Amino acid sequence: MQTLSGLNDSQWKAVCHTGAHLLIVAGPGTGKTHTITRRIAHMIPSLKPNQKVLAITFTNKAAQEMQGRLLALGVPLNKALVGTFHAFCLKLLRDHWQETALPKDFKVAIPQDIQGFDKAVLERIGLMKSTRLVIEGDNEYKTYQRYLRKNNWIDFDDILREALALLENEDIAHQVRACYRHIFVDEYQDTNIIQNALLKILTQEGTLLTAIGDPNQSIYGFRGGNVALFGRFKDDFPGVRELTLQENYRSASNLLAASCQVMGGLELLAKLDAKGKLVTHEAASDAAEADYVTSQIEKMVGGMDMLSARGAYRSLGDIAILYRLNAERHVIGQALEHLGIPYQVSQKVPKPAGYSDEAVLGQFEEELDYNVEKVSLLTLHAAKGLEFPVVFIIGCEAKLLPLDIHAMKGDPQEERRLFYVGMTRAREHLYLTRARRRQLFGQTWFNPPSPFLADIEEDLKVYENSKPRRGPRKSEEAEKQQLKLF
Amino acid sequence: MKFYADLHVHSKYSRATAKNLDLENLYVWAQLKGIHLVGTGDFVHPVWMKELEEKLEPAEEGLFKLKDKYAKSMDAQVPKACQAKVRFMLTVEISNIYKRLDKVRKVHNLIWSPSLEAAQKVQAKLGAIGNIKSDGRPILGLDSRDLLEIALEADPKNIFVPAHIWTPWFSALGSMGGFDSMKDCFADLTDHVFAVETGLSSDPLMNWRLKQLDPFILVSNSDAHSPSKLGREANIFDTEFSYSAIYQALFDQNDKGLVGTVEFFPEEGKYHYDGHRLCHVRWHPQETTKNKGLCSVCGKPVTVGVMARVEELADRQPGQKSKRHRPYWSAVPLPEVIGEARGVGPASKAVQEAYRKMLTQIGNEFYILLDAPIDQIRRLAGEVIAEGIDRMRKGEVKIAAGYDGEYGTVEIFKDGERQKIEQQLALF
Ligand SMILES: [Zn+2]
Ligand SMILES: [Zn+2]
């Protein structure tokens with residue numbers, strides 16, 4: 001049983017489960033990818049020659065990583081198709097284009113192709129396409145679809161909708177199910193209703209589904225991700241067995257405890273010996289916050305001059321700075337720039353030169369440059385799935401976390417989960433920083449601390465250059481105001 | 001021709017450097033020190049590169065000179081006895097910080113370029129990778145091996161030299177941020193490195209103790225952060241005055257173009273011994289071993305210096321020489337010798353005046369330190385200074401070794417000795 005070593009009890013159960021659908025609830029750092037790849041490898045021997053496993057990942061990068069891991073586990077490439085929902089569906093459309101309403105040479109339009117439509121209109125149509133199975137009586141939608149077809153285009157959302165339409169053809173659905181006897185879906189908390197419908201069709205006639213995810217990390221509700229599907233899993237996929245992975249191998253214990261408190265008392269077990277360090281820091285302004293963050297980085301990396309080298313043991317790639325809005329990035333970026341500390345901002349992959357399916361599929365993903373180490377600057381959303389020894393979350397202020405600025409208002413629960421996702425990126429050292437005064441969108445904001453901070457027990461926090469709050473917050477704020485008068 | 005070269009300096013665009021560290025002052029100080037070829041430093045920095053393009057013009061193959069209109073205005077600052085031609089070579093230092101084999105590595109490396117085009121190619125490649133605008137010695141999260149590859153791709157005639165290879169925090173073999181061997185650091189490209197810089201805290205004698213360093217020729221430079229620190233260490237060439245000849249002298253195992261090096265007494269360097277500067281703990285490596293490496297004041301591990309690190313990696317007995325060995329001359333900067341002779345600090349006004357006078361009457365600093373007849377020095381600068389230089393040449397100096405970033409301190413004369421020498425003189 002060599003393939004089963006290196007697994008804890010619950011992971012082992014998840015790997016060996018047979019005979020029914022499986023839902024694995026896996027918290028951050030609980031060995032999700034490890035478990036899913038081991039389970040795939042474990043199932044391969046039971047497949048007949050013409051059968052395969054389908055493994056669906058959230059990003060192309062995750063797909064590549066999983067392929068690498070499967071290869072290392074000895075899984076032959078022809079026994080597992082690994083890719084995103086979009087990659088899989090596009091392949092279906094290409095393989096069976098005769099059965100679709102599409103021309104043979106249809107292309108997937110990229111956003112730059114679309115001309116003559118309002119951004120807001122396109123956003124509304126996009127959200128509709130990922131949240132509604134049937135769209136009727138919407139004229140803007142109809143005009144837009146006609147425009148696409150006239151150009152032999154489908155858009156990114158259409159890939160899934162057209163595949164769903166294709167699978168209504170029972171012959172094709174049957175063929176696909178006969179081939180893929182096991183389907184794996186990663187990041188199930190961020191699937192949308194179209195993807196859910198696809199899975200329901202694919203898992204008939206005995207094809208089994210293994211879904212893995214964490215409802216507490218669902219952060220894509222604003223673009224159609226539907227965390228309610230998690231709760232509905234039993235109804236959608238009857239007979240499902242549910243397993244939970246609780247042992248966290250990523251975060252030091254204090255960091256994990258604090259993260260769980262933010263989520264109202266989750267139960268995750270810290271498996272690392274280290275306690276780690278959670279620092280909160282309040283700065284007078286966004287510029288002062290940036291100074292603090294960069295001085296901490298200089299101390300850790302110590303590359304800047306001989307004397308600051310003492311005790312420095314981090315390299316640049318160990319460090320990430322996370323924020324809610326890209327607009328927060330400017331000040332911190334300038335401070336890093338000024339000090340010559342290399343950093344990189346995750347960004348969308350540049351427009352591909354050609355229009356290959358592969359290039360088109362990667363277009364919405366953010367990518368980091370891994371050949372050169374740099375401090376990473378990421379939105380909390382872009383940090384999903386990543387981990388770093390040291391994480392700074394800047395702008396831990398009301399109005400930003402949860403987001404409530406002008407027309408930008410996040411769902412408070414989803415904002416909380418987003419903060420939790422950010423916190424659980426850290427392995428050893430987590431800094432939660434805030435500024436009393438911040439320039440944002442041409443306006444000066446005076447924000448109190450994010451309410452999420454108050455949910456973290458005082459004993460877990462180390463205050464740097466700011467006094468710990470004792471007693472009720474209001475009276476101390478008042479005290480500070482008074483002090484300012486002198 | 002015989003010439004002195006100092007090929008690791010910085011510009012005013014590097015962090016923590018003097019504001020007057022520009023081409024004009026390098027031109028002046030090179031002459032005062034007796035250096036004929038000096039590095040430009042920092043050529044990757046865009047503003048500095050602009051200055052190089054503006055103020056330098058091609059001279060001998062691969063070398064540059066300060067245009068007359070800039071040089072003329074400075075000539076008054078150079079005493080006649082020191083005046084000589086000065087050439088520049090394109091050089092830069094890069095600070096590589098990266099993780100390799102699960103350990104954070106911090107390695108400084110030098111790149112020397114044969115032409116502006118080659119330098120600009122290096123600049124373009126590094127500019128695409130990271131921030132080269134904020135610091136003349138840019139920090140890049142790039143593997144040293146990859147930097148070497150970039151340098152060679154930019155121009156195969158670029159010379160790549162690992163800098164001050166023993167510095168604990170920032171070097172290829174350093175105790176804290178380095179590797180145990182050059183092979184570990186440069187992997188498949190190790191053969192493309194043919195020279196290494198010994199740094200102030202080690203001399204050739206120490207480096208000869210490592211068989212793994214046999215393929216490399218040892219070079220020495222000042223790493224000056226201000227013009228007056230030029231030439232603390234330097235290379236002596238006797239070859240054609242051109243980039244190609246220098247390349248050949250370093251690259252070719254049989255070429256004798258590099259005659260030798262001028263060295264600091266290694267004890268004078270900032271990292272010779274072990275210890276903690278802030279705790280005032282200065283330890284010989286044996287002391288460190290006795291204390292299990294932990295500081296007796298704060299209890300944390302002491303910074304392990306160069307002497308201990310060399311001992312750790314050495315596989316030859318002290319005194320044996322490596323194949324590519326060259327002679328070297330240990331020297332103490334002249335202001336320090338004068339200060340010792342006068343019993344005052346090297347920066348004091350009296351020392352600076354005497355220093356100027358010697359440069360005017362005798363010649364450049366290297367000439368005074370290494371070549372000038374002692375009699376001549378005695379006549380023009382007095383008995384005590386002459387005796388100090390004589391003792392320095394014979395290696396009869398006592399040095400409280402540097403440690404953990406603190407320079408070592410030189411003692412040439414014991415208390416009361418100066419007067420005795422002067423009194424003896426009075427007897428005649
Ligand atoms: Zn250096
Ligand atoms: Zn100490």
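Residues numbered from 1 in each chain as written. Chains lettered and ligands numbered in written order. Predicted model: local features only at pLDDT ≥ 70, side-chain atom pairs only at ≥ 80, totals over all residues. Heavy atoms only, no water.

All right, on to the interface of chain B and chain A then. Interface size, as often reported, equals the accessible area lost upon joining of the parts. Across the boundary between the two partners, chain B contributes 24 residues, which contact 26 residues of chain A. A buried area of about 2200 Å², summed over both sides, lies between chain B and chain A, and 53% of it is on carbon and sulfur atoms. Applying the counting rule to chain B against chain A returns three salt bridges. A salt bridge links Arg-15 of chain B to Glu-298 of chain A; the shortest N-O distance between them is 3.0 Å. Those elements that place two or more of their residues in the side of chain B that touches chain A are β5 (87-100), β6 (103-113) and β7 (139-140) of chain B. Of the residues assigned to the side of chain B that touches chain A, the class counts are 10 nonpolar, seven polar and seven charged. (Contact = heavy atoms within 4.5 Å. Buried area = accessible area lost by both parts, 1.4 Å probe. Salt bridge = Lys/Arg side-chain N within 4 Å of Asp/Glu carboxyl O. Helix = DSSP H or I, 4+ residues; strand = E, 2+ residues; numbered from the N terminus. Nonpolar A, V, L, I, M, F, W, Y, C, P; charged D, E, K, R; others polar.)

Moving on, we get to the coordination of the zinc ion (ligand 2). Residue and element names in this part refer to chain B. Each protein donor to the zinc ion (ligand 2) is listed here as His-276 (ND1), Cys-279 (SG), Cys-295 (SG) and Cys-298 (SG); together their distances run 1.9 to 2.4 Å. For the zinc ion (ligand 2), the four donor atoms in the first shell make angles of 98 to 125° at the metal, a pattern classed as tetrahedral. If you list the donors of the zinc ion (ligand 2) from N- to C-terminus, the spacing comes out as H-x2-C-x15-C-x2-C. Residue Cys-279 is found in the loop between β13 (274-276) and β14 (281-283), and its partner Cys-295 is found in the loop between α9 (285-290) and α10 (306-313); the two are separated by 16 residues along the sequence. (Donors = N, O, S within 2.8 Å, 3.2 Å for Na, K, Ca; no water. Tetrahedral: all angles 85-135°; square planar, octahedral: opposite > 155°, others 65-115°.)

Let's shift gears to the domain arrangement of chain B. All names here are of chain B. Domain parsing of chain B yields domain 1 (2-267) and domain 2 (333-427). Just the C-alpha atoms count here: the centres of domain 1 and domain 2 sit 29 Å apart. In this complex, domain 1 contributes 19 residues to the contact, which on the side of domain 2 involves 21 residues. Across the domain 1 to domain 2 interface the summed buried area is about 1600 Å²; carbon plus sulfur atoms make up 65%. Broken down residue by residue, the surface that domain 1 buries against domain 2 is led by Lys-33, Phe-265 and Glu-267, which jointly contribute 34%. Counting every contact that joins domain 1 to domain 2 gives one salt bridge. Between Lys-33 and Glu-365 there is a salt bridge, with its nearest N and O atoms 2.8 Å apart. Connecting domain 1 to domain 2 are six residue pairs in polar contact (both at pLDDT 80 or more). Top element by residues in the side of domain 1 that touches domain 2 is helix α1 (residues 23-33). It accounts for four residues. (Domains from an automatic or database assignment. Polar contact = N/O pair within 3.5 Å; in protein donor to acceptor, adjacent residues only side chain to side chain.)

Turning our eyes to something else, we now look at the pattern of salt bridges. Residue and element names in this part refer to chain A. Per the stated rule, a full pass over the model turns up 58 salt bridges over all chains. Measuring nitrogen to oxygen at the nearest pair gives 3.3 Å for the salt bridge that ties Asp-236 to Arg-232. Judged by its relative accessible area of 13%, Asp-236 is buried. Here Arg-232 falls in the partly exposed class, since its relative accessible area comes to 31%. Among the salt bridges present, the one from Glu-289 reaches Arg-438, with a minimum N-O distance of 2.9 Å. Of the two residues, Glu-289 is situated in helix α13 (residues 286-301) and Arg-438 in strand β20 (residues 426-440); the sequence distance between them amounts to 149 residues. With relative accessibility at 2%, the residue Glu-289 sits in the buried group. Relative accessible area serves as the criterion here: at 3%, Arg-438 is assigned to the buried category. Connected through shared salt-bridge partners, Lys-32, Asp-186, Glu-187, Asp-190 and Lys-384 make up one network. (Buried < 20%, exposed > 50% of the residue type's maximum accessible area, 1.4 Å probe, protein only.)

The amide bond that connects Leu-401 of chain A to the next residue, Pro-402 of chain A, takes the cis arrangement and shows omega of 0°. Relative to the helices and strands, Pro-402 of chain A is located in the loop between β17 (388-393) and β18 (404-405). A positive phi is found at Leu-101 of chain B, a non-glycine position, where the angle reads about 50°. You can see Leu-101 of chain B is positioned in the loop between β5 and β6. The phi dihedral of Asp-102 of chain B falls on the positive side, at around 65°, and the residue is not glycine. Looking at Asp-102 of chain B, the relative accessible area reads 74%, which means it is exposed.

For the rest of this paragraph, the subject is the coordination of the zinc ion (ligand 1). Residue and element names in this part refer to chain B. In the first shell of the zinc ion (ligand 1), the protein supplies Glu-93 (OE), His-108 (ND1) and His-164 (NE2), at 1.9 to 2.3 Å from the metal. Going along the chain, you hit the donors of the zinc ion (ligand 1) in the pattern E-x14-H-x55-H. With His-108 in strand β6 and His-164 in the loop between β8 (159-162) and α6 (182-186), this residue pair connects regions lying 56 residues apart in the sequence. Judged by its relative accessible area of 1%, His-108 falls in the buried class.

Residues and elements named next belong to chain A. Inspection of the secondary structure assignment puts Glu-187 in the loop between β6 (180-185) and α9 (193-202). Polar contacts involving the side chain of Glu-187 include one to the side chain of Lys-32, which spans 3.1 Å. Within the structure, the side chain of Glu-187 is placed 2.8 Å from the side chain of Gln-189, a separation counted as a polar contact. Glu-187 has contacts with Lys-32, Phe-58, Ile-212, Gly-213 and Lys-384, leaving out every residue within four places of it along the chain.

Turning to the nonpolar core, a few remarks are in order. The tendency in soluble globular proteins is for nonpolar side chains to be buried side by side. Residues Phe-43, Phe-88, Leu-126, Met-358 and Ile-377 of chain B are the most contacted members of the largest nonpolar core, which totals 107 residues. Here this core spans two domains, since at least three of its residues come from each of domain 1 (2-267) and domain 2 (333-427) of chain B. Once residues within four sequence positions are removed from consideration, Leu-126 of chain B is found in contact with Val-44, Ile-94, Ile-132, Leu-140, Leu-142, Leu-147 and Ile-150 of chain B. One finds Ile-159, Leu-160, Ala-173 and Leu-198 of chain A within the second-largest nonpolar core, a separate group that totals 43 residues. (Core = buried A, V, L, I, M, F, W, Y, C linked by side-chain atoms within 4.5 Å.)

This part covers the confidence of the model for chain A. Residues and elements named next belong to chain A. Of all residues in chain A, 88% attain a pLDDT of 70 or more, and the chain-wide mean is 87. With pLDDT under 50 throughout, residues 349-354 is counted as low confidence; its partners more than four residues away or in other chains account for eight contacts. Below a pLDDT of 50 lies the segment residues 466-486, which in the model reaches 16 contacts outside its immediate sequence neighbourhood of four places, other chains included. (pLDDT = per-residue confidence, 0-100.)

Let us look at the packing of helix α7 (residues 156-166) of chain A against α9 of chain A. All names here are of chain A. Direction vectors running N to C along α7 and α9 enclose 30°, while the axes themselves pass 10 Å from each other. If you check the angle between α7 and α9, you find them roughly parallel. The crossing of α7 and α9 is left-handed. Across the interface between the two elements, Leu-160, Arg-161, Ala-163 and Leu-164 from α7 touch Ile-194, Gln-195, Ala-197, Leu-198 and Ile-201 from α9. Here the contact of α7 with α9 is composed, by residue class, of seven nonpolar, one polar and one charged. (Axes fitted to C-alpha atoms, helices over the stretch in contact; angles between N-to-C directions. Parallel < 35°, antiparallel > 145°, perpendicular 65-115°, else oblique. Left-handed = near helix turned anticlockwise from the far one by under 90°.)

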